[in-house]
Amino acid sequence: MPSGPTGHAGELRLTLVTSAPVTAPVPQLVARSVEIPDPGPLLSLLPDTSPYAWVRGGQGLVGWGEAARVETSGAHRFAELEAWWRTLINTAVVRDEVQLPGSGPVAFGSFTFDDEPGTSTLVLPETIVGHRDGRWWVTTVSVAGNLPPLPTLPSATSVRRPGAISFADGQLTGADWEIVVASAVDRINAGELEKVVLARDLVAESPHPIDTRWPLRRLGEHYSRCWTFSVDGLLGATPELLVRRERGLVTSRVLAGTIRRTHDDVHDLALAASLARSSKDLEEHEFAVRSVADALAPYCSSMNVPETPFVLHLSNVMHLATDVTGVASGQASSLAMAAALHPSAAVGGTPTDRAIELIRELEGLDRGRYAAPIGWIDSAGDGEWGIALRCAQLDPSDPTRMRLFAGCGIVAGSNPAEELAESAAKLIPMRDALVR
Ligand SMILES: C=C(O[C@H]1C=CC=C(C(=O)O)[C@@H]1O)C(=O)O
């Protein structure tokens, strides 16, 4: 049901929560972006309430405050939220003195993996700070119809370290999850499908409410090749870019096929070489690349799909990776492309429908917004959408608790114990970010 606008003059906010097409009137949005001197690391600017972030190698966007928000659920969630964004932007007054991707008004978004349960959201923060190629800017947004004043940026604030964190099994114990993986392998060997991605969760508990900026800063430091994100208490550092659309250029980083690192550099190099030759991992990777290339093809006039993957080295694992690029042929936005790509074979399986049915049947997990698109969209429809991996969701009703997620692509040659060990390696970034 739509609710709002709420607040009083000068603090007008629009909040919509809807399971029906988003039809409520939208307010007059006024936004301005101005260049600023280097304000310091983006992630250290965030205040402690509802931080929004999309940062890689120190560059990207952070935001806070809430000028407008919309939530929805169901099979049409992507189209409904995009329609709302377009309506908001169509009547907006924007003074953008920066003219870079990510300047001007930007909505951060996070979507559910499945149509139900849960809600997906787009949020337009009141303040957004961006950094790209040696330039910094601030965007201020008002929905009260007047030009917003420039904010005073906070100086780096201190962040509370989580207390002694305890971790417990989530929905399934490791042993039970291995049984689930074994049944998936049986179903693949029976010829029902080729690949399915199965996930598990852990529950982290702190003696006091978790300040999510602590793990965010750690993730930004230790996984600088990944996209560190935060939207509505879902935070993590994903190595997988579902899609970027920027001035007509479309990019996707596809990952599938994983090997754990040992931290012995010589041994890790040998492992990387064996990953690049592993027929099980190459097959798993090929499914993922195909699914992305097929989904992007209708949106591109030309595409480059490399035949051979490269090995992406992260501090916990190494992945087979392929960067698919294309030239956009029409006006479809980054969000429309993310919708077309989701769920790719990196988080669903092959064939997609059969894999999703098997996930629902076997996994026993509410994935929430894990393994689904998370990112941002600007007024031109450009933006970046990652897959929410290597992440955790803060419990909205108990901020001392977070659920951590990790999943593995299961194919005919998968071994349940190996997959459990791989999932544990994929949980390391979030575990370490919480305890170190
Ligand atoms: C589903 C996850 O990873 C996917 C992305 C990269 C490699 C994967 C793999 O090798 O299994 C997974 O498909 C996860 O990290 O939770």
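Keep in mind the model is a prediction, meaning the values are calculated, not measured.

### Focus: the pairing of strand S18 (residues 310-313)
Each regular strand shows side chains that alternate between the opposite faces of the sheet.
Moving on, step 1. As paired strands, S18 and strand S19 (residues 317-328) are joined by four bridges and run antiparallel to one another. For Val311, the partnering residue across the bridge sits in S19 and is Leu320.

### Thoughts on the UniProt feature "domain: Chorismate-utilising enzyme C-terminal" (unreviewed entry) in the protein
Moving on, step 1. According to UniProt, the positions carrying the feature "domain: Chorismate-utilising enzyme C-terminal" (unreviewed entry) are residues 175-426.
Moving on, step 2. The span residues 175-426 is 34% helix and 35% strand, and its two end C-alpha atoms sit 17 Å from each other.

### A closer look at the site of the ligand
Moving on, step 1. Near the ligand you find 18 residues, and of these Leu255, Thr258, Leu389, Gly407 and Gly409 are the closest.
Moving on, step 2. Put simply, the parts of the chain that give the shell around the ligand at least two residues each are strand S12 (195-205), strand S16 (249-260) and strand S24 (401-410).
Moving on, step 3. Taken together, the residues of the shell around the ligand break down into 10 nonpolar, five polar and three charged.

### Quick look at helix H2 (residues 174-189)
In an α-helix, one turn spans 3.6 residues, which is why side chains three or four residues apart end up on the same side.
Moving on, step 1. Under the 1.5 Å per step criterion, the end-to-end length of H2 is 23 Å for 16 residues, consistent within 8% with the ideal 22 Å.
Moving on, step 2. Within H2, burial applies to Trp177, Val181, Ala184 and Ile188. For H2, the angular spread of buried residues about the axis comes to 55°, placing them on one side. Among the exposed residues of H2, those oriented more than 90 degrees off its buried face are Ala175, Asp186 and Asn189.

### Some words on the domain arrangement of the protein
Moving on, step 1. Entries for the protein in the domain assignment read domain 1 (14-142) and domain 2 (166-435).
Moving on, step 2. Taking the mean C-alpha position of each, domain 1 and domain 2 sit 23 Å from one another.
Moving on, step 3. Facing 35 residues of domain 1, the contacting portion of domain 2 comprises 39 residues.
Moving on, step 4. Taken together, the elements giving at least two residues each to the side of domain 1 that touches domain 2 come down to strand S3 (52-56), helix H1 (77-90), strand S7 (106-110) and strand S8 (120-124).
Moving on, step 5. Residues that form the side of domain 1 that touches domain 2 fall into these classes: 22 nonpolar, nine polar and four charged.

### Thoughts on helix H7 (residues 352-362)
Moving on, step 1. Of all the residues in H7, the buried ones are Ala355, Leu358 and Ile359. Along H7, the residues classed as buried sweep out an arc of 105° about the axis, all on the same side. Turned more than 90 degrees from where H7 packs its buried face, Asp353, Arg360 and Glu361 sit exposed.
Moving on, step 2. Buried positions along H7 lie against H2, S12 and strand S20 (349-350).

### Section: unusual backbone geometry
Moving on, step 1. Residues Glu116 and Pro117 are joined by a peptide bond in cis, for which omega reads -5°.
Moving on, step 2. Note on placement: Pro117 falls in the loop between S7 and S8.
Moving on, step 3. A cis amide bond links His342 with the next residue in sequence, Pro343, at an omega value of -10°.
Moving on, step 4. Within the element layout of this structure, Pro343 appears in the loop between helix H6 (334-341) and S20.
Moving on, step 5. The backbone of Arg247 shows a phi angle near 45°, a positive value even though the residue is not glycine.
Moving on, step 6. On the secondary structure map, Arg247 appears in the loop between strand S15 (241-246) and S16.

### Observations regarding the packing of H2 against helix H8 (residues 416-435)
Moving on, step 1. Relative to each other, H2 and H8 sit at 125°, their axes nearing to 9 Å. When the axes of H2 and H8 are compared, the pair comes out oblique. Handedness of the H2/H8 crossing: right-handed. When H2 is examined against H8, the residues Gly174, Trp177, Glu178, Val181 and Ala182 are found in contact with a partner set consisting of Pro416, Ala417, Glu419 and Leu420.

Rules and cut-offs
Residues numbered from 1 in each chain as written. Predicted model: local features only at pLDDT ≥ 70, side-chain atom pairs only at ≥ 80, totals over all residues. Pairing = 2+ DSSP bridges. Helix = DSSP H or I, 4+ residues; strand = E, 2+ residues; numbered from the N terminus. UniProt positions renumbered as here; feature names shortened; annotations may be inferred. Near = placed C-beta within 6 Å. Nonpolar A, V, L, I, M, F, W, Y, C, P; charged D, E, K, R; others polar. Expected span 1.5 Å × (residues − 1). Buried ≥ 20, exposed ≤ 12 C-beta atoms within 10 Å, placed from the backbone. Arc of directions from axis to C-beta. Domains from an automatic or database assignment. Contact = placed C-beta atoms within 7 Å. Axes fitted to C-alpha atoms, helices over the stretch in contact; angles between N-to-C directions. Parallel < 35°, antiparallel > 145°, perpendicular 65-115°, else oblique. Left-handed = near helix turned anticlockwise from the far one by under 90°.

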